[in-house]
Amino acid sequence: MEKYYIVDSSILPESFDRVIKARNLLETRKVHNVSEAVKEVGISRGTYYKYKDLVFLPDEEMNDRKAVISMMLHHEQGILSKVLVDISESNASILTINQNIPIHNIATVVISLDIGHLNGTIDDLLDKLKQSDFVNNVQLISIE
């Protein structure tokens, strides 16, 4: 099974970045062939062919991560609003909110989030939500 890593480019050989630039030149048709591309970026054809299928920039989709959390809120005015502020301050975007009617002054809330630009980890967000006296049983249902 293949392993993939995301690493800072500062620890990689400069040729990896140049291979990506050469491939981009070809894909955008700014050059007509591999010879022109490698000449422009300053690597050999051998280096290009050795790494062209192995080094990539992260896809835009890598930042498109989703999570679903569930919690029980005391039925008091402004509690859901405070939860939404905590989520917003963590730089998560709310996709959907489903709140059931309160039974015995407790309402179940399920929120789906875009966490692609989350400050910290999902655990940090869950811990922040758990700190409220009016929020109980905070659970991560799923993460993508």
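- As recorded in an unreviewed UniProt entry, the chain goes by UPF0735 ACT domain-containing protein LKACC16343_02380 and comes from Companilactobacillus bobalius.
- Entered under Sequence similarities (unreviewed entry) in the UniProt record, the comment concerning the chain runs "Belongs to the UPF0735 family."

## Comments concerning the nonpolar core
Stage number 1. Ranked by size, the top nonpolar core spans 19 residues in total, and within it Ile-69, Met-71, Val-83, Ile-87, Ile-111 and Leu-129 carry the most contacts.
Stage number 2. Looking at this core, the elements that each hand over two or more residues are strand 1 (66-74), helix 4 (79-89), strand 3 (106-114), helix 5 (122-130) and strand 4 (135-143).
Stage number 3. With sequence-adjacent residues up to four places away left out, Ile-111 is seen in contact with Ala-67, Val-68, Ile-69, Met-71, Val-83, Leu-84, Ile-87, Ile-94, Thr-96 and Ile-97.
Stage number 4. Formed by 13 residues, the second largest nonpolar core is a distinct cluster that contains Phe-16, Val-31, Ile-43 and Val-55.

## Things to note about the pattern of salt bridges
Stage number 1. Tallied over the full model, the rule gives four salt bridges.
Stage number 2. Between Arg-18 and Glu-14 there is a salt bridge; the shortest N-O distance is 2.4 Å. You can see Arg-18 and its partner Glu-14 sitting in helix 1 (residues 14-27), four residues apart, about one turn around the helix.
Stage number 3. On the basis of relative accessibility, which here comes to 52%, the residue Glu-14 falls in the exposed class.
Stage number 4. Notably, a salt bridge pairs Asp-53 with Lys-52, separated by 3.2 Å at the nearest N-O pair.
Stage number 5. Residue class for Lys-52 comes out partly exposed when judged on its relative accessible area of 24%.

## Considering the UniProt feature "domain: ACT" (unreviewed entry) in the chain
Stage number 1. If you check UniProt for "domain: ACT" (unreviewed entry), the listed places come out as residues 68-143 in our numbering.
Stage number 2. Across residues 68-143, the secondary structure splits into 26% helix and 42% strand, with the terminal C-alpha atoms separated by 6 Å.

## Overview of the packing of helix 1 against helix 2 (residues 34-41)
Stage number 1. It is the contact of helix 1 with helix 2, at a shortest axis distance of 9 Å, that shows an interaxial angle of 135 degrees. Viewed along their axes, helix 1 and helix 2 adopt a mutual orientation that is oblique. As for the relative orientation of helix 1 and helix 2, their crossing is right-handed in sense. In this structure, helix 1 uses Arg-18, Lys-21, Ala-22, Leu-25 and Leu-26 to contact helix 2, whose residues at the interface are Val-34, Ala-37, Glu-40 and Val-41.
Stage number 2. When grouped by side-chain class, the residues that make up the contact of helix 1 with helix 2 number six nonpolar, no polar and three charged.

Rules and cut-offs
- Residues numbered from 1 in each chain as written.
- Predicted model: local features only at pLDDT ≥ 70, side-chain atom pairs only at ≥ 80, totals over all residues.
- Heavy atoms only, no water.
- UniProt positions renumbered as here; feature names shortened; annotations may be inferred.
- Core = buried A, V, L, I, M, F, W, Y, C linked by side-chain atoms within 4.5 Å.
- Buried < 20%, exposed > 50% of the residue type's maximum accessible area, 1.4 Å probe, protein only.
- Helix = DSSP H or I, 4+ residues; strand = E, 2+ residues; numbered from the N terminus.
- Contact = heavy atoms within 4.5 Å.
- Salt bridge = Lys/Arg side-chain N within 4 Å of Asp/Glu carboxyl O.
- Axes fitted to C-alpha atoms, helices over the stretch in contact; angles between N-to-C directions.
- Parallel < 35°, antiparallel > 145°, perpendicular 65-115°, else oblique.
- Left-handed = near helix turned anticlockwise from the far one by under 90°.
- Nonpolar A, V, L, I, M, F, W, Y, C, P; charged D, E, K, R; others polar.

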